[in-house]
Amino acid sequence: MTTSLGKRCIAEAVGTFILVFFGTGAAVVTLMLAAGTTPATPFNIGIGALGGLGDWLAIGLAFGIAIAGAIYAFGRISGCHINPAVTIALFATRRFSGRDTVAYIVVQLIGAAAASLLLAWVIGPDAVTIGGLGATTPFPGIGYLQAIVIEIIGTFLLMLVIMGVAVDERATPGFAGLMVGLAVAGIITTIGNLTGASLNPARTFGPYLGDWLLGGSNLWAFFPIYIIGPIVGALLAAFLYDYLSGE
Amino acid sequence: MKCYYCALEGKESEAVAVCIVCGMGLCMDHAIRKDIDVWEGGYPLPSRRVKAPLPRILCPECYAALYGKEK
């Protein structure tokens, strides 16, 4: 017997809220700090203007530490997927029911949207006009298909770590939150300046909705990148891990 | 094995259980059964409570030490 679906949904919504509020909040604040500086290259949109790749490491750690905290808080209650791609991969590998999968995705999107709207309210209009609420888009020189492949690779590593440190019953218990958080931080440090390193459709949905509602950019044309990439990457990792770890 | 508490009272009775904490032999009068729920699993799947609780036998002193009250 597990905790009721209602309570698990609340945990998922709050967990996703934590991820989006602190993670995208770090990106927004970095962009606001860098506002007015002259970018060193056209590849630089503001994040990286002050500390180079260190800016991305800081943002990655903000995401990673928030994710680790959420996992240790809610991992036993809901499983703390806080990412529709992870939920879908667990459903596809028959670890999670269809009914729960739909419910989890809905509340993950709600939690992400709430985080972006609250972030805009507490920071003010600059969070939208300068920070773009931390929305992800392909960076200069990165094409649509390239962005999808980058998101696939990033989420592939994330899901592979989840499978290895948490799903596999042979894994040493207690390290999952820490390792998943660090993996996210590492992935964001590397691919952050390529696609924004979403790895998570809900993480992109929240800022897109907030920007769209609050007079910022309309970025929905890029949303398929952050749906297809993470889901395909997570599915590939889950099926590959099951294949490799089988007898 | 005899019951430790009965021995203290100058009686002699056969032990039917052993305290899981201190190892005392206990008769039916002194054994305290305190079942505990067992949860398995966890991130990234919700923890699941196993259907039946695990039986656990404690002596009165260990019960009081663990739960802060006399049984």
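Residues numbered from 1 in each chain as written. Chains lettered and ligands numbered in written order. Predicted model: local features only at pLDDT ≥ 70, side-chain atom pairs only at ≥ 80, totals over all residues. Heavy atoms only, no water.

**Quick notes on the layout of surface pockets**
This is how it is decided: Of the grid points, spaced at 1 Å and generated over the protein atoms alone, those admitting a 1.4 Å probe that cannot get out make up cavities, while open sets with protein on both sides within 12 Å along at least five of seven lines make up pockets; any residue with an atom within 4 Å of a point is treated as lining. Grid points are joined across faces, edges and corners, and a volume is the space filled by probe spheres set on the points. Runs of E in the DSSP output that reach at least two residues are strands. Runs of H or I that reach at least four are helices, and both are numbered from the N terminus. Here the term charged refers only to Asp, Glu, Lys and Arg, the term nonpolar to Ala, Val, Leu, Ile, Met, Phe, Trp, Tyr, Cys and Pro, and the term polar to all other amino acids, Gly among them.
The space that makes up the largest pocket amounts to roughly 720 Å³. Lining the largest pocket we find 29 residues, and of these Ala166 of chain A together with Gly41, Gly42, Tyr43 and Leu45 of chain B sit closest to its centre. Secondary-structure elements contributing two or more residues to the lining of the largest pocket are helix H2 (53-74), helix H6 (144-167) and helix H7 (176-195) of chain A. Residue composition of the lining of the largest pocket, grouped by class: 13 nonpolar, 8 polar and 8 charged. There is about 330 Å³ of room inside the second largest pocket. Going through the elements one at a time, helix H1 (5-34), H2, helix H5 (126-129) and helix H8 (201-213) of chain A are the ones with two or more residues in the lining of the second largest pocket. The dominant element in the lining of the second largest pocket, judged by the number of residues it contributes, is H2 of chain A, at 3 residues. A per-class count over the lining of the second largest pocket returns 14 nonpolar, 8 polar and 2 charged.

**Re the side chain of Asp100 of chain A**
Residues and elements named next belong to chain A. Condition: Think of it in three bands: with a 1.4 Å probe and only protein chains considered, a residue is buried below 20% of the maximum accessible area for its type, exposed above 50%, and partly exposed in between. Nitrogen and oxygen atoms within 3.5 Å of one another constitute a polar contact, given that in protein one can donate a hydrogen and the other can accept it, and given that sequence-neighbouring residues count only through two side-chain atoms. Residues are treated as being in contact if the distance between any of their heavy atoms lies within 4.5 Å.
By the secondary structure assignment, Asp100 is in helix H4 (residues 98-123). Take Asp100: its relative accessible area is 8%, and that puts it in the buried class. Polar contacts involving the side chain of Asp100 include one to the side chain of Arg8, which spans 3.0 Å. Setting aside its immediate chain neighbours within four residues, Asp100 contacts Leu5 and Arg8.

**Looking at the pattern of salt bridges**
Residues and elements named next belong to chain A. In plain terms, the rule: Every case where a carboxyl oxygen of Asp or Glu lies within 4 Å of a side-chain nitrogen of Lys or Arg is listed as a salt bridge.
A full pass over the atoms with the stated rule returns 9 salt bridges over all chains. Residue Arg95 is joined to Asp242 by a salt bridge in which the shortest nitrogen-to-oxygen separation is 2.8 Å. Taken as a pair, Arg95 in the loop between helix H3 (84-92) and H4 and Asp242 in helix H9 (residues 223-245) lie far apart in primary sequence, 147 residues in all. Accessibility expressed as a relative area gives 28% for Arg95, which makes it partly exposed.

**So, the packing of H6 of chain A against H7 of chain A**
Two measures define how a pair of helices packs: the angle their axes make with one another and the distance between the axes. Residues and elements named next belong to chain A. The criterion, for reference: Fitted lines through C-alpha atoms give the axes, limited to the stretch in contact for helices. The angle between two N-to-C directions lies from 0 to 180 degrees. Angles below 35 degrees are treated as roughly parallel, those above 145 as roughly antiparallel, those between 65 and 115 as roughly perpendicular, and all remaining angles as oblique.
Across the interface, H6 lies against H7 with an axial gap of 9 Å and an inter-helix angle of 170 degrees. When the axes of H6 and H7 are compared, the pair comes out roughly antiparallel. Residues Ala147, Ile150, Glu151, Gly154, Leu157, Leu158, Val161, Ile162, Val165 and Ala166 of H6 lie in contact with H7, whose contacting residues are Ala176, Met179, Val180, Ala183, Val184, Ile187, Ile191, Leu194 and Thr195. In terms of residue class, the contact of H6 with H7 is built from 16 nonpolar, 2 polar and 1 charged.

**A short note on the interface of chain B and chain A**
Think of interface size as the accessible area that goes away when the parts come together; that is how it is often given. This is how the line gets drawn: A simple way to read buried area is as the amount of 1.4 Å-probe accessible surface that goes missing from two parts once joined, with both sides added.
Every contact between the two is made by 9 residues of chain B and, on the other side, 20 residues of chain A. For the pairing of chain B and chain A, the buried interface totals around 1,200 Å² over both sides, and the portion due to carbon and sulfur atoms is 64%. Per-residue buried area on chain B facing chain A is highest for Tyr43, Pro44 and Pro46 of chain B; these three make up 59% of the total on that side. Our count for the contact surface shared by chain B and chain A stands at 0 salt bridges. At the boundary of chain B with chain A, the tally comes to 3 residue pairs in polar contact (both at pLDDT 80 or more). For the side of chain B that touches chain A, the class distribution of residues is 5 nonpolar, 2 polar and 2 charged.

**Focus: the packing of aromatic side chains**
Residues and elements named next belong to chain A. Formally: Here a Phe, Tyr or Trp ring, Trp counted by its six-membered ring, pairs with any other such ring whose centre lies within 6.5 Å, and the pair is stacked when the planes are under 30 degrees apart, edge-to-face when over 60, and tilted otherwise.
For the structure shown, the criterion picks out 12 aromatic pairs over all chains. When the centroid spacing of 6.0 Å and the interplanar angle of 65 degrees are considered together, the rings of Trp56 and Phe139 count as edge-to-face. Pair noted here: Trp56 is in helix H2 and Phe139 is in the loop between H5 and H6, with a separation of 83 residues, a long-range link. Aromatic pair Tyr208 and Trp220: ring centres 5.7 Å apart, planes at 90 degrees, arrangement edge-to-face. In this pair, Tyr208 is assigned in helix H8 and Trp220 in the loop between H8 and H9, connecting sequence segments 12 residues apart. For Tyr208, a relative accessible area of 1% corresponds to the buried category. Residue Trp220 is classed as partly exposed on the basis of its relative accessible area, which comes to 24%. These aromatic residues form a ring-pair network of at least three members: Phe205, Tyr208, Trp212, Trp220 and Phe223.

**Points about H3 of chain A**
All names here are of chain A. For H3, every residue scored as buried is listed here: Pro84, Ala85, Val86, Thr87, Ala89 and Leu90. Buried residues in H3 make contact with H4, H6, H8 and H9. You can read the cap of H3 off the contacts: a side-chain oxygen lies 2.9 Å from the backbone nitrogen of Ala85, and it is on Asn83. Immediately beyond the C-terminal end of H3, within one or two residues, lies Arg94, with a positive phi of roughly 60 degrees.

**Brief notes about the environment of Leu236 of chain A**
Residues and elements named next belong to chain A. With respect to the helices and strands, the residue Leu236 is situated in helix H9. Relative accessible area serves as the criterion here: at 46%, Leu236 is assigned to the partly exposed category. Considering only alpha carbons, one finds Leu236 and Ile153, 83 residues apart in sequence, at a separation of 9.6 Å.

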